[in-house]
Amino acid sequence: EARAAAAALAPDILVSFAYGRIFGPKFLSLFPLGGLNVHPSLLPRHRGSSPIQHAILERDAETGICVQALALEMDCGDIFACERIGLSGRESASSLSAWAAERGALLIERVLEDMEAGRARGVPQVGEPSYCGKIGKEDGLLDWSRSAEELDARIRAFDLWPLAYGYLGGTRLNILEAEPSPARAALPRALPGTILGIDPAKGILVQTGDGELALRRLQLAGRKALSFREFANGARNLTGSVIENRGPRLEN
């Protein structure tokens, strides 16, 4: 049905962005000039369905966006254009997605113009490829034994979906924004996930496996998102509580 609908348009070329699947040879054969894909990574790094999130998770120094030829293998086609962006370590999936959407539209327009003028030349990908798979709901569950830097990266990578979360008092707690905070050497180390206190400038401080994480925006299940100050004002006995990585146990 999709092939019939596309064929009725008598198309010249196919352009895809964040499709997440591989087009088959019968579908691609409908397009005399083939297909182009806008992929938000510096190929061949982060081939696959979640390149933006994995650039953040792996704390890459830079990422980018590529226009590549569609091929029968995942994200392996020749590159027609690329744009790079340096990463500060404070980007989120939402901010990088917005950048990729805007810059990708301009980049594909330029490549299409070059193709029409006969100037476009694709070049093979160079380097060892890496791959990233689909992200599931369970990936957002935070393991507090990880370092503050790792947890911060997960929170930023999953701010669109599935959201980073734990459980506070048996209720799901979404952590929408945070940042690492240097551990205070004078204080005894608590168990990972323990809320150590509230820093009026930084946020709600939580012990991790290495360092402290300052939570800045939070959201209890079924409630609206709050700044850490609003959240702390409405919570009792917050200091000393533990954000757990499992929900309440159900009794038989």
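A short tour of the structure in this document, coming up. These numbers were taken from a predicted model, which means no experiment stands behind them.

**A short note on the state of the cysteines**
Logical step 1: Taken as a whole and judged by the stated rule, the model has 1 disulfide.
Logical step 2: Two residues, Cys66 and Cys82, share a disulfide whose sulfurs are 2.4 Å apart. Residue Cys66 is located in strand β4 (residues 62-69), and its partner Cys82 is located in strand β5 (residues 79-86); the two are separated by 16 residues in the primary sequence.
Logical step 3: Looking at the unpaired Cys76, the closest cysteine sulfur is the one in Cys66, lying at 13 Å.

**Concerning helix α5 (residues 148-157)**
Count 3.6 residues to each turn of an α-helix, and residues three or four apart come out pointing the same way.
Logical step 1: The buried fraction of α5 is high, at 8 of 10 residues.
Logical step 2: Ala148, Leu151, Asp152, Ala153, Arg154, Ile155, Arg156 and Ala157 are the residues of α5 that are buried.
Logical step 3: On its buried side, α5 packs onto α3 (51-57), α4 (93-117), β7 (164-168), β8 (171-181) and β11 (212-220).

**Quick notes on the layout of surface pockets**
Logical step 1: Quantified by volume, the largest pocket comes out at close to 630 Å³.
Logical step 2: As for the largest pocket, its lining consists of 33 residues, and the residues nearest its centre are Ala18, Tyr19, Gly20, Gly48 and Ser49.
Logical step 3: Breaking the lining of the largest pocket down by element, the ones donating at least two residues are β1 (14-17), β2 (35-39), α3 and β4.
Logical step 4: Empty space within the second largest pocket amounts to approximately 250 Å³.
Logical step 5: Contributing to the lining of the second largest pocket are 15 residues, with Leu168, Leu220, Phe231, Gly234 and Ala235 lying nearest its centre.
Logical step 6: At the level of secondary structure, the elements contributing two or more residues to the lining of the second largest pocket comprise β11 and α6 (228-233).
Logical step 7: Examining the composition of the lining of the second largest pocket, we find that 3 residues originate from one element, β11, more than from any other.
Logical step 8: Taken together, the residues of the lining of the second largest pocket sort by class into 7 nonpolar, 4 polar and 4 charged.

**Focus: the nonpolar core**
Logical step 1: Ranked by internal contacts, the top residues of the largest apolar core, which has 22 residues, are Trp144, Ile204, Leu213, Leu215, Phe231 and Ile243.
Logical step 2: Those elements that provide at least two residues to this core are α5, β7, β8, β10 (203-207), β11 and α6.
Logical step 3: With near-sequence residues (within four places) excluded, Leu213 lies in contact with Trp144, Ala148, Leu151, Asp152, Ile155, Ala178, Glu179, Pro180, Ile204, Leu205, Val206 and Thr208.
Logical step 4: Counting 18 residues, the second largest nonpolar core, distinct from the first, contains Leu36, Ala93, Leu107 and Phe158.

**Quick look at the pattern of salt bridges**
Logical step 1: As enumerated under the stated definition, the model contains 10 salt bridges in all.
Logical step 2: The residue Arg45 makes a salt bridge to Asp60 at a minimum N-O spacing of 2.8 Å. Of this pair, Arg45 sits in the loop between β2 and β3 (47-48) while Asp60 is found in the loop between α3 and β4, placing the two residues 15 residues apart along the sequence.
Logical step 3: Among the residues examined, Arg45 registers a relative accessible area of 33% and is labelled partly exposed.
Logical step 4: With a shortest N-O distance of 3.9 Å, Arg216 and Glu177 are connected by a salt bridge. Within this pair, whereas Arg216 is found in strand β11, its partner Glu177 is found in strand β8, the two being separated by 39 residues in sequence.
Logical step 5: On the accessibility criterion, Arg216 (23% relative accessible area) is partly exposed.
Logical step 6: Given the relative accessible area of 35%, Glu177 is considered partly exposed.

**A short note on unusual backbone geometry**
Logical step 1: Residues Leu43 and Pro44 are joined by a peptide bond in cis, for which omega reads 15°.
Logical step 2: By secondary structure assignment, the location of Pro44 is in the loop between β2 and β3.
Logical step 3: Following Trp161, the chain continues into Pro162 via a peptide bond in cis, with omega recorded as 10°.
Logical step 4: Here Pro162 shows up in the loop between α5 and β7.
Logical step 5: In the Ramachandran plot, Asp75 falls in the positive-phi region, its phi being about 55° despite a non-glycine side chain.
Logical step 6: For Asp75, the location among the structural elements is in the loop between β4 and β5.
Logical step 7: Even without being a glycine, Asn237 presents a positive backbone phi close to 50°.
Logical step 8: Here Asn237 shows up in the loop between α6 and β13 (243-244).
Logical step 9: Since its relative accessible area comes to 71%, Asn237 is described here as exposed.

**Describing the pairing of β4**
Logical step 1: Among the 8 residues of β4, 6 are classified as buried, and the element is accordingly described as predominantly covered.
Logical step 2: By the bridge criterion, 4 bridges tie β2 to β4 in an arrangement that is antiparallel. Counterpart to Val38 in the pairing with β4 is Val67.
Logical step 3: In terms of strand pairing, β4 meets β5 through 7 bridges, oriented antiparallel. Within β5, the position partnered with Gly64 by the bridge is Arg84.

Conventions and cut-offs
- Residues numbered from 1 in each chain as written.
- Predicted model: local features only at pLDDT ≥ 70, side-chain atom pairs only at ≥ 80, totals over all residues.
- Heavy atoms only, no water.
- Disulfide = S-S within 2.5 Å.
- Helix = DSSP H or I, 4+ residues; strand = E, 2+ residues; numbered from the N terminus.
- Buried < 20%, exposed > 50% of the residue type's maximum accessible area, 1.4 Å probe, protein only.
- Contact = heavy atoms within 4.5 Å.
- 1 Å grid on protein atoms, 1.4 Å probe; cavity = no way out; pocket = protein on both sides within 12 Å on 5 of 7 lines; lining within 4 Å.
- Points joined across faces, edges and corners; volume = space filled by probe spheres on them.
- Nonpolar A, V, L, I, M, F, W, Y, C, P; charged D, E, K, R; others polar.
- Core = buried A, V, L, I, M, F, W, Y, C linked by side-chain atoms within 4.5 Å.
- Salt bridge = Lys/Arg side-chain N within 4 Å of Asp/Glu carboxyl O.
- Pairing = 2+ DSSP bridges.

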